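So you can see what is in the structure, the chains are spelled out below.
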Amino acid sequence: MDATTANSQRRPFSIKLWPPSENTRKMLVERMTNNLSSPTIFTRKYRSLSKEEAAKNAEEIEDAAFTIANQHYEKEPDGDGSSAVQLYARECSKLILEILKKIPKSEDKEISISEVVPTVQETFFDISKGKRAFIEAEEAQELLKPLKEPGNSYSKICFSNRSFGVDAARIAGPILAALKDQLKEVDLSDFVAGRNEAEALDVMNIFSEALEGSNLKFLNLSDNALGEKGVRAFGKFLQSQTNLEELFLMNDGISQEAANAVSELVPSTEKLKVLHFHNNMTGDEGAVAIAEIVKRSPLLEDFRCSSTRVGSEGGSVLCEALGMCSHLKKLDLRDNMFGPEVGLVLCKALSNHENLTEIYLSYLNLEDEGAIAIANALKDSAPSLAVLEMAGNDITAEAASAIASCIAAKQLLAKLSLGENGLKDEGAIQIAKALEGHSHLIEVDMSSNALRRAGARVLAQTVLHKDEFKLLNVNGNFISEEGVDELKEIFKKSPEMLASLEDNDPEGEDEDDEEDEEKESGDEGKDVEDELESKLKNLDVKQEASLDTPDSN
């Protein structure tokens, strides 16, 4: 368990290990060709193949290993493909050895890959590729033919991006009913687009009846403008699901009434690990219904309730419920109207989340009070945190010390987003100091923070020599023209690491700057920046020192 955790912590943020590129696959084929045709311990023991035979077999081995690993990837819980890559390598090694063992003593007979590789049956049926289009009965009959083949092994289906009419649904219904005992994953996202309400509800009822009693682990009903009527059209189907692990209801018009219907019709969530409610009109009362689902989901690992119009009342109830989900790894609450009071509730929930690796809290109106409370809570929990987003929360330099202390404790941090706040140079330099020892850092966003030359320079110097670093965004600030030139000089050897500065305003001033200028009219901009940098450059950011208040927990 510890070894697995350690390995996962070392993975760079957002880099998928699977599938391998075409170039990687070709290189592997070349390597296996060489292994099958050149002198090695195994070819000396069994006999090598000619270059031509080796190349042919290497291609077939790679294709078979890729198919096996790809099927595994579709079911892989962590989703980054690491175990699929390992399986891919093991299968290639195993099949090379099997080929060599099967080589006949006589050179007259060729060995076929089919003798050592079992037939791999397709398990994923997908009609979502291509243009978004309506499907009527005749096309449905043709498209769904493979699902009617006796003995097929399809366990995962995706009907997304194709709009089913009633006639097409009547073709699909009996086919799905015949398959439902073997289905594990069903994607019906965006499958009634452009249909009028009455027809869409009829289609949903047909699919619901066909799939009722199936034993799914994964269900995606996103992008269907369900509303309460749509949720209830799927009622019998939803009520029959007792082993769901992943449920997606994004962009579905989930209002308060629809959220209540979901809570009512999905009573069994004990095994639920992923729950996404992005881009709905849930509101405070709907959030209370979602909170009930969360409370019944003790194994929840990935929760998303972003852009759902939830305010402080619903946000508080939801965050209290999240405190019961001790297995949470990924939390996304972006773009809601929480306010600082919800930040104080959320900080208590976060203190229980030791497994948290990604947290998205942008555009929640947290302000300094909420941001400080959350930063203090995270500092002492979530040791493997890789992503921290708190953009657009009206955070000022007053909260910088607490945020910096939190960041300093997160040595596995890969992505930090604090854009669209008011941290200024004072806050930026404290954040930069906290990031000095972070070897896994990939991306930092400090755009639109009223930064000037000093803050931007220190951030640039901090991230420049980090091996895995990819992008620094300081666009939309008040960096002087000389400062912009200095940044470009710092990143001269790797200009792709510096995001565009097209929205930078070298003459920009905020209200505080205008007041300072009135009081100290003789100061030169560069002198002020250099003085600020000299004051803050030696500032220590310690993991144990924070702005904790007696009642911050």
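Residues numbered from 1 in each chain as written. Predicted model: local features only at pLDDT ≥ 70, side-chain atom pairs only at ≥ 80, totals over all residues. Heavy atoms only, no water.

The name given to the chain in an unreviewed UniProt entry is Ran GTPase activating protein 2, with Solanum spegazzinii as the source organism.

S.K.: I keep staring at the pattern of salt bridges and nothing clicks. Help me out?
M.R.: Tallying each qualifying case throughout the model produces 25 salt bridges. Here Glu 91 ties to Lys 94 by a salt bridge, and the two come within 3.4 Å at their closest N and O atoms. Taken together, the residues Glu 91 and Lys 94, both in helix α5 (residues 82-102) and 3 residues apart, mark about one turn of the helix. With a closest N to O distance of 3.0 Å, Glu 264 and Arg 232 form a salt bridge. Here Glu 264, found in helix α12 (residues 256-265), pairs with Arg 232, found in helix α10 (residues 227-233); they are 32 residues apart in sequence, far enough to count as distant. (Salt bridge = Lys/Arg side-chain N within 4 Å of Asp/Glu carboxyl O. Helix = DSSP H or I, 4+ residues; strand = E, 2+ residues; numbered from the N terminus.)

S.K.: Even after reading the chapter, I still don't get the nonpolar core, so can you show me in this structure?
M.R.: The tendency in soluble globular proteins is for nonpolar side chains to be buried side by side. Ranked by internal contacts, the top residues of the largest apolar core, which has 132 residues, are Phe 159, Phe 207, Phe 303 and Leu 333. Excluding anything up to four places from it in sequence, Phe 303 contacts Leu 275, Phe 277, Ile 290, Val 294, Leu 318, Leu 322, Leu 328, Lys 330, Leu 331, Asp 332 and Leu 333. Membership of the second largest hydrophobic core comes to 21 residues, among which are Val 29, Met 32, Ala 69 and Cys 92. (Core = buried A, V, L, I, M, F, W, Y, C linked by side-chain atoms within 4.5 Å. Buried < 20%, exposed > 50% of the residue type's maximum accessible area, 1.4 Å probe, protein only. Contact = heavy atoms within 4.5 Å.)

S.K.: Would you mind showing me how to read the packing of aromatic side chains here?
M.R.: The relative placement of two aromatic rings is captured by the distance of their centres and the angle of their planes. The tally for this structure, following the rule as stated, stands at 13 aromatic pairs. Ring centres 5.2 Å apart and planes at 25 degrees place the aromatic pair Trp 18 and Phe 66 in the stacked group. Within this pair, whereas Trp 18 is found in the loop between α1 (2-9) and α2 (22-37), its partner Phe 66 is found in helix α4 (residues 51-74), the two being separated by 48 residues in sequence. Under the relative-accessibility criterion, Trp 18 is labelled buried at 2%. Ring centres 5.2 Å apart and planes at 80 degrees place the aromatic pair Trp 18 and Tyr 88 in the edge-to-face group. In this pair, Trp 18 is assigned in the loop between α1 and α2 and Tyr 88 in helix α5, connecting sequence segments 70 residues apart. Take Tyr 88: its relative accessible area is 7%, and that puts it in the buried class. Put simply, the rings of Phe 125, Tyr 154, Phe 159, Phe 164, Phe 191, Phe 207, Phe 234 and Phe 237 touch in pairs and so form one group of aromatic residues. Directly above the ring of Phe 124 sits Lys 156, whose terminal nitrogen or CZ lies 4.4 Å from the centroid. Just above the ring of Phe 134 sits the side chain of Arg 195; from NZ or CZ to the centre is 4.0 Å. (Phe/Tyr/Trp six-rings, centres within 6.5 Å; stacked < 30°, edge-to-face > 60°. Lys NZ or Arg CZ within 6 Å of the ring centre and 35° of its normal.)

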